[in-house]
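Topology and contacts: notes
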Amino acid sequence: MSNRVYNFAAGPAVMPEPVLLQAAQELFCHGDDGMSVMEMSHRSAMYEKIIFGAEEDLRRLMNIPSNYKVLFLQGGASLQFYMAPLNLYRKSFSADYIDTGSWTQKGMVEAKKIGNVRIVASSKADNFTYIPSFTQDMLDPEADFLYIVTNNTIYGTRYTAIPDSLPGVPLVGDASSNILSEEIDINKFGVLFFGAQKNVGPAGLTVVIIREDLLGFCPETAPTMLNYSVMAKNDSMFNTPPTYAIYMAGLVFRWMLENGGVPAMEKVNNEKAAMLYDCIDRCSLYTGTVRPCDRSLMNATFVLPTEELNNKFVAEAAERGLVNLKGHRSVGGIRASIYNAMPVAGVQALVNFMEEFDRANR
Ligand SMILES: *Cc1c(COP(=O)(O)O)cnc(C)c1O
């Protein structure tokens, strides 16, 4: 019905086709509301249904207990690099970070503007090709928080188990690129945040899930827009929220619920990742760039023997309608992002191409 390609971009990224089709149908006039969602006042009853419905569906998908607030904010995950420390530095003004690459490093740059940052463990010396391990005795019991990135979009690594923080030290997680891709226990986190544009919806929406006892510590002098408590008290509508992006995210949450929720997504994601990694391991032309036990379900990274072959691979794949496979400049090679919305058929098409390319070029 269209000339759509298989889009393996890291983000903004592929959206579920049924969601796009529904949005197209509702774009001009949403149900019986007499207007497009874009035209609705965020204070109207018709919009409240959309934003509160989206929150309720996300709570169901993730089993978020009632002592957590869900905030729909703007500014991207990158604003949270500063906003989370701003709201969470409250006693020692020191925080522990596990350094797994570019996104934790950008997080540390912002945190250092407010307090002390201690690197507990890092895989920097090996270009972040694995998740560094650490033990509880390496953590600071006085830290105001412990910070991790659950999936490292650029390198293709992920925590297969969420680490424990010390009692009284909230764990802060950036789950921008693997939220809702596998089951995760929100109770392990004090704060979990994600930009929407990878696994949830269009860019412009950032979701923050925060345990209620962590509200109320933002300095009075901080910009009101950066105060979690203000956003929580006002149901994310202190000012105009990104209304259309929230609506789109709501459609994605609904699509997920109708398709078995997170457990079903996880099952398919495991299958898709296995298809791709099996192909990488089977074909002599490809070398996976990360330690196999830390491989991401969402971003698969690999390299070919030469830069010339990397480029040829990307170009020939694009001719077949398999696009955006070029790796991040800091890793090089190839990165295939296979978020929830990437159908099995898309991964199969990529694997078929990879096998042919391997035979023709090895
Ligand atoms: C993409 C990404 C970001 C940056 O998100 P923005 O919304 O562009 O600020 C941060 N963290 C992770 C893990 C990401 O994948």
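Residues numbered from 1 in each chain as written. Predicted model: local features only at pLDDT ≥ 70, side-chain atom pairs only at ≥ 80, totals over all residues. Heavy atoms only, no water.

It is worth spelling out helix α9 (residues 344-361) at this point. For α9, built from 18 residues, the straight-helix expectation of 26 Å at 1.5 Å per residue is met to within 8% by its first-to-last C-alpha distance of 25 Å. Considered for burial, the residues of α9 that qualify are G346, V347, L350, V351, F353, M354, F357, D358 and N361. Down the axis of α9, the sector holding all buried residues measures 165°, keeping them to one side. Among the exposed residues of α9, those pointing more than 90 degrees away from its buried face are R359 and A360. (Helix = DSSP H or I, 4+ residues; strand = E, 2+ residues; numbered from the N terminus. Expected span 1.5 Å × (residues − 1). Buried < 20%, exposed > 50% of the residue type's maximum accessible area, 1.4 Å probe, protein only. Arc of directions from axis to C-beta.)

The next point concerns the nonpolar core. Grouped together as the largest cluster of nonpolar side chains are 55 residues, with contacts concentrated most on L58, M62, L180 and I209. Here M62 is in contact with I179, L180, I184, I186, L192 and I209, once residues within four sequence places are set aside. Counting residues in each nonpolar core, the second largest holds 34 residues, with A10, F302, L325 and V351 among its members. (Core = buried A, V, L, I, M, F, W, Y, C linked by side-chain atoms within 4.5 Å. Contact = heavy atoms within 4.5 Å.)

Quick look at empty space enclosed by the protein now. A full pass over the atoms with the stated rule returns one cavity of 30 Å³ or more. Quantified by volume, the largest cavity comes out at close to 30 Å³. Along its surface, the largest cavity is lined by D96, L139, D140, L146, S165, L166 and V169. (1 Å grid on protein atoms, 1.4 Å probe; cavity = no way out; pocket = protein on both sides within 12 Å on 5 of 7 lines; lining within 4 Å. Points joined across faces, edges and corners; volume = space filled by probe spheres on them.)

Taken together, 13 residues sit near the ligand, with S78, T153, D174, Q197 and K198 positioned nearest. Between S78 and the ligand, the recorded distance is 2.6 Å, taken from a side-chain N or O atom to an oxygen atom. Between an oxygen atom of the ligand and a side-chain N or O atom of T153, the distance comes to 2.4 Å. The element contributing the most residues to the shell around the ligand is helix α3 (residues 76-88), with four residues. Partitioning the shell around the ligand into residue classes produces four nonpolar, seven polar and two charged. (Near = heavy atom within 4 Å. Polar contact = N/O pair within 3.5 Å; in protein donor to acceptor, adjacent residues only side chain to side chain. Nonpolar A, V, L, I, M, F, W, Y, C, P; charged D, E, K, R; others polar.)

Enumeration according to the criterion identifies 16 salt bridges in this entry. The salt bridge involving R59 is made with E55; its shortest N-O contact spans 2.9 Å. With a gap of four residues between them, R59 and E55 both fall in helix α2 (residues 45-62), about one helical turn apart. For the pair R59 and E55, a shared accessibility class is recorded, and that class is buried. (Salt bridge = Lys/Arg side-chain N within 4 Å of Asp/Glu carboxyl O.)

To continue, consider the pairing of strand β2 (residues 68-73). Most of β2 is tucked away: five of the six residues are buried. Two elements, β2 and strand β10 (residues 206-211), share six bridges in a ladder whose sense is antiparallel. Within the sheet, the bridge partner assigned to V70 lies in β10 and is I209. (Pairing = 2+ DSSP bridges.)

Below, the discussion takes up the domain arrangement of the protein. A common way to express how large an interface is: the accessible area buried when the components associate. Once the domains are mapped, the protein shows domain 1 (18-258) and domain 2 (261-361). A C-alpha centroid distance of 27 Å is found between domain 1 and domain 2. Each partner contributes to the interface: domain 1 provides 24 residues, whereas domain 2 provides 25 residues. Regarding the contact of domain 1 and domain 2, the summed buried area is about 2,200 Å², with carbon and sulfur atoms giving 53% of it. Linking domain 1 to domain 2 there are zero salt bridges. For the interface between domain 1 and domain 2, the tally reads 16 residue pairs in polar contact (both at pLDDT 80 or more). Looking at the side of domain 1 that touches domain 2, the elements that each hand over two or more residues are β7 (157-158) and α6 (243-258). Broken down by element, the side of domain 1 that touches domain 2 gets its largest block of residues, three residues, from α6. When its residues are assigned to classes, the side of domain 1 that touches domain 2 shows nine nonpolar, 11 polar and four charged. (Domains from an automatic or database assignment. Buried area = accessible area lost by both parts, 1.4 Å probe.)

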